[in-house]
Amino acid sequence: MKARIVFMGTPEFACPSLEALIENGYDVVGAFTQPDRPVGRGHKVRACPAKELAAHRGIEVFQFERVRRAEGVEALKNLRPDVMVTAAFGQILSREILEIPRCGTVNVHASLLPRHRGAAPINWAILQGDAVTGVTTMLTDAGLDTGAMLLRRETAIGPEETAGELTERLSLLGAQVLIETLEGYLAGKISPVPQDEALASYEPMLKKEMGEIDWRRPAREIACQVRGLNPWPCAYSGDLKILRARESSQAAEDGAKPGQVLLSSAKQGLHIQCGEGALEVTELQAPGGKKMAARAYLAGRQIPVGTIL
């Protein structure tokens, strides 16, 4: 029998890692997730993806507002894990909790540590214009993503790839790296490597107001903003959500102002002047409407040339 594992994860990103543990014969004795939350316009309470998967696979699920409190610590001790595995769990673990598993806690982090520590590493890699990102497995310590690294795997970021699309790819890569990590680490073939603090960067959590587009910025930066904030919180200009965009080859007109519509038709698409260069919006969403390709939207509604967004 392979190691007894307690899994901690919450969103869709965590599911491939949990599935990989099960499929590779690890004894997953419990799954800890964030409590169920209201979602969507109707604010209906629904189970998180990791809880749904664990329950479907017959794994006991534990949900605590703060796992570091006495009841959470007691539940963990009773499970007697050899290893804990975390993947986008969403809570900071106390030193008392980290001392419970005899072989430590392995975290699957969606960046090339020590770059992009924090809660939204995938989004920030795109927002900051990185061409390459990846997954790092590490031994969790009491700091914020500061533990010693075990394995790292790189992958290129597609030129028009959104945060949602990259999250899906990295979740699958993370599951692969997790299994490689556990096999090597538990066999004593992988040694932890301390992170270089001089190269570390910390990124804040995403906020809705980050989506407001400042058209005075260069087109390449706005394109990264649009991609990095899709699917949440989404970039927006006025009451329009800008879901996909890319740098435009359209030359600005003399005297064009940032935010001014340069081209707008079902045939030519929607091109907007920026502080440097122009942006082509390829997908958008009007208030109360559906997500639409910009050209399809313009076939039914007008955004006149010269409009300042």
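Keep in mind that this is a model prediction, so the values were computed, not measured.

## Focus on the overall build of the protein
Each helix and strand in the protein was counted, giving eight helices and 17 strands. Counting all 309 residues of the protein, 52% fall into the buried class. Look at the contacts in the protein between residues 6 or more apart in sequence, and 64% of them connect residues 24 or more apart. Counting 36 positive and 37 negative side-chain charges, the protein places the centres of these two groups 3 Å from one another.

## Details of the UniProt feature "binding site: (6S)-5,6,7,8-tetrahydrofolate" (unreviewed entry) in the protein
When the UniProt feature table is mapped onto this chain numbering, "binding site: (6S)-5,6,7,8-tetrahydrofolate" (unreviewed entry) sits at Ser111, Leu112, Leu113 and Pro114. Tracing the backbone shows Ser111 in the loop between strand 7 (105-109) and strand 8 (117-118). A relative accessible area of 0% means that Ser111 is categorised as buried. With sequence-adjacent residues up to four places away left out, Ser111 is seen in contact with His116, Pro121, Thr133, Gly134, Val135 and Thr136. At 3.3 Å, the side chain of Ser111 forms a polar contact with the backbone oxygen of His116. Relative to the assigned elements, Leu113 resides in the loop between strand 7 and strand 8. Sequence-distant contacts of Leu113, that is, excluding residues within four places in its chain, are made with Thr136, Met138, Asp145, Met149, Arg152 and Gln195.

## Quick word on unusual backbone geometry
Residues Asn230 and Pro231 are joined by a peptide bond in cis, for which omega reads 25°. With respect to the element layout, Pro231 can be found in the loop between helix 7 (219-228) and strand 12 (235-237). Following Trp232, the chain continues into Pro233 via a peptide bond in cis, with omega recorded as 5°. Despite not being glycine, Cys234 has its phi angle at roughly 80°, a positive value. On the secondary structure map, Cys234 appears in the loop between helix 7 and strand 12.

## Thoughts on the sheet that holds strand 2 (residues 27-33)
Across the sheet, seven strands lie side by side as 5-2-1-6-7-9-10; this open sheet has mixed pairing. Edge positions in the sheet fall to strand 5 (61-63) and strand 10 (149-156), since each of these pairs with one other strand and no more. Sheet twist, expressed as the average angle between the axes of neighbouring strands with direction ignored, equals 20°. As defined by bridge partners, strand 1 (residues 4-9) adjoins strand 2 across five bridges and the pair is classed as parallel. Pairing of Met8 across the sheet is with Phe32, part of strand 2. Sheet strands touched by helix 1 (residues 15-23): strand 1, strand 2, strand 6 (83-87) and strand 7. Its angle to strand 1, the strand with the most contacts, is close to 165°.

## Notes on the nonpolar core
Ranked by size, the top nonpolar core spans 44 residues in total, and within it Leu21 and Leu182 carry the most contacts. In terms of residues, this core owes the most to one element, helix 6 (residues 163-186), which gives 10 residues. Ignoring anything within four residues of it in the chain, the contact list for Leu21 reads Ile5, Phe7, Tyr26, Val28, Val85, Leu178, Ile179 and Leu182. One finds Ile213, Ala223, Leu270 and Val281 within the second-largest nonpolar core, a separate group that totals 22 residues.

Basis of the calculations
Residues numbered from 1 in each chain as written. Predicted model: local features only at pLDDT ≥ 70, side-chain atom pairs only at ≥ 80, totals over all residues. Heavy atoms only, no water. Helix = DSSP H or I, 4+ residues; strand = E, 2+ residues; numbered from the N terminus. Buried < 20%, exposed > 50% of the residue type's maximum accessible area, 1.4 Å probe, protein only. Contact = heavy atoms within 4.5 Å. Lys, Arg positive; Asp, Glu negative; His and termini not counted. Charge placed at Lys NZ, Arg CZ, Asp CG, Glu CD. UniProt positions renumbered as here; feature names shortened; annotations may be inferred. Polar contact = N/O pair within 3.5 Å; in protein donor to acceptor, adjacent residues only side chain to side chain. Pairing = 2+ DSSP bridges. Axes fitted to C-alpha atoms, helices over the stretch in contact; angles between N-to-C directions. Core = buried A, V, L, I, M, F, W, Y, C linked by side-chain atoms within 4.5 Å.

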